[in-house]
Amino acid sequence: MNNNDQEQIRTLIKRWAAAVHQRDLDGVLVDHTDDIVMYDVPPPYEGVRGIDAYRETWPPFFEWQAQGASFEIESLDVTAGDDVAYAHALLRCGTAKEFAEQPDLRLRLTLGLRKEQGRWRVAHEHHSYPHD
């Protein structure tokens, strides 16, 4: 496990989360592969495939987030090999009302990354909430 790669991935993920928080679509997309596959909380439940479909998922989220929702990494773990890696994180993603009703509410995030031409890129993204 290469510590430099792990640190690069942590930085990439933190940059991505900051871009989401700032509603910066270009910043959200920058480190993703063209063939990204994402499984998200809202439909379509079979996921979205490709950078164009991934791009289309963000404006509705940004609209919801503009109403005062947070999007903050609480914990982040990374495991990296030579050319593939994965990361899992817990995020505070919700409105003040949602946290008042469910203080422990956390979004679960799993990312699959691959190194392309010496650069780490997100090839898979999975968001979920636990069911009650």
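Below is a short write-up of the structure. Owing to the predicted nature of the structure, the values given are computational and were not obtained by experimental measurement.

1. Some details on the side chain of Ser70
Its location among the elements puts Ser70 in strand β3 (residues 70–80). Polar contacts involving the side chain of Ser70 include one to the main-chain carbonyl oxygen of Arg92, which spans 3.2 Å. In contact with Ser70, not counting residues within four places along its chain, are Arg92, Cys93, Gly94 and Phe99.

2. Focus on the sheet that holds strand β2 (residues 48–49)
The six strands lie next to each other as β2-β1-β6-β5-β4-β3, forming an open sheet whose pairing is mixed. Here the strands that pair on one side only, and so sit at the sheet edges, are β2 and β3. As defined by bridge partners, strand β4 (residues 84–94) adjoins strand β5 (residues 107–116) across eight bridges and the pair is classed as antiparallel. Within β5, the position partnered with Ala89 by the bridge is Leu109. Helix α1 (residues 3–21) contacts β1 (32–39), β3, β4, β5 and β6 (119–128) of the sheet and is inclined by roughly 160 degrees relative to β3.

Quick notes on the rules
Throughout, residues of each chain are indexed from 1 in the direction in which the sequence is written. Two thresholds apply to this predicted model, a pLDDT of at least 70 for residue-level local features and 80 or more for giving and counting side-chain atom pairs, whereas whole-chain, interface and lining totals are computed over all residues. Side-chain metrics in this entry use all non-hydrogen atoms of the structure; hydrogen atoms and water are not considered. A run of H or I in DSSP counts as a helix once it spans at least four residues, and a run of E counts as a strand once it spans at least two, with each numbered from the N terminus. Side-chain atoms alone can form a polar contact between residues adjacent in sequence; in general such a contact is a pair of N or O atoms within 3.5 Å, and within protein one must be able to donate a hydrogen while the other accepts it. By the convention used here, residues are in contact when the closest approach between their heavy atoms is within 4.5 Å. Strand pairing requires that DSSP identify at least two bridges connecting the strands. Structural elements are reduced to axes, namely lines fitted to C-alpha atoms, with helices fitted over the stretch in contact, and the angle between N-to-C directions of any two is expressed from 0 to 180 degrees.

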